[in-house]
Amino acid sequence: EPRQRHRRAVRAGYVRERAFERVFNRKEWGKAFVVVIVALLVAWGIAMLSAFAEMIVLFVPGLQAIAALLSTLIAVLSYTVQTVFYSVYYYDVRIRREGLDLEMALQRLGASTGP
């Protein structure tokens, strides 16, 4: 039984590795790094605006609850922006890798030159 568990663990690791390789290859690492950096910079910018707004609101008596709510809403916005960046990049890589953009271009070309 320990051997079977080891085999399953190795197989699961192999499956994850192959799935990752299907999306990202060595050429994609540079672009992926840039996308991550841009997403983090945008999130950082949103966080800095949030901190500035919080500092202003915190000095007004009685508005601490609003400051906490504002902080939470801006954090949610920041995570959403990051998720959108990563999702768009992932689908862009998949579409280019699988050639779906070329298929659609050929379909449009065929539709426009059809009988």
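Residues numbered from 1 in each chain as written. Predicted model: local features only at pLDDT ≥ 70, side-chain atom pairs only at ≥ 80, totals over all residues. Heavy atoms only, no water.

### With respect to the side chain of Gln-82
Piece 1. When you line up the elements, Gln-82 lands in helix 3 (residues 64-98).
Piece 2. Among all residues touching Gln-82, those that are not within four sequence positions of it are Ala-39, Leu-40 and Ala-43. (Helix = DSSP H or I, 4+ residues; strand = E, 2+ residues; numbered from the N terminus. Contact = heavy atoms within 4.5 Å.)

### Describing helix 2 (residues 28-58)
Piece 1. Between its terminal C-alpha atoms helix 2 stretches 44 Å, which fits the 45 Å expected from 31 residues at 1.5 Å a residue.
Piece 2. For helix 2, every residue scored as buried is listed here: Glu-28, Ala-32, Val-35, Ala-39, Ala-43, Ile-46, Ser-50, Glu-54 and Val-57. (Expected span 1.5 Å × (residues − 1). Buried < 20%, exposed > 50% of the residue type's maximum accessible area, 1.4 Å probe, protein only.)

### Digging into helix 3
Piece 1. Here helix 3 spans 51 Å end to end across 35 residues, near enough to the 51 Å set by a 1.5 Å rise per residue.
Piece 2. For helix 3, the complete set of buried residues consists of Ala-67, Ile-74, Ser-78, Gln-82, Tyr-89 and Val-93.
Piece 3. Backbone geometry just downstream of helix 3 places Gly-99 in the positive-phi region, at approximately 75°.

### What to know about the packing of helix 2 against helix 3
Any two packed helices are characterised by the angle at which their axes cross and by the distance between the axes.
Piece 1. Interhelical geometry of helix 2 versus helix 3 gives an angle of 170° and a closest axis separation of 9 Å. The orientation of helix 2 relative to helix 3 falls into the category roughly antiparallel. In this structure, the crossing between helix 2 and helix 3 has a hand that is right-handed.
Piece 2. Considering only residue class, the contact of helix 2 with helix 3 consists of 22 nonpolar, 5 polar and 3 charged. (Axes fitted to C-alpha atoms, helices over the stretch in contact; angles between N-to-C directions. Parallel < 35°, antiparallel > 145°, perpendicular 65-115°, else oblique. Left-handed = near helix turned anticlockwise from the far one by under 90°. Nonpolar A, V, L, I, M, F, W, Y, C, P; charged D, E, K, R; others polar.)

### Focus: the side chain of Ser-50
Piece 1. The residue Ser-50 is located in helix 2 in this model.
Piece 2. In this structure Ser-50 comes out as buried when scored by relative accessible area, which is 5%.
Piece 3. Excluding residues that lie within four positions of it along the chain, Ser-50 makes contacts with Ser-71 and Ile-74.

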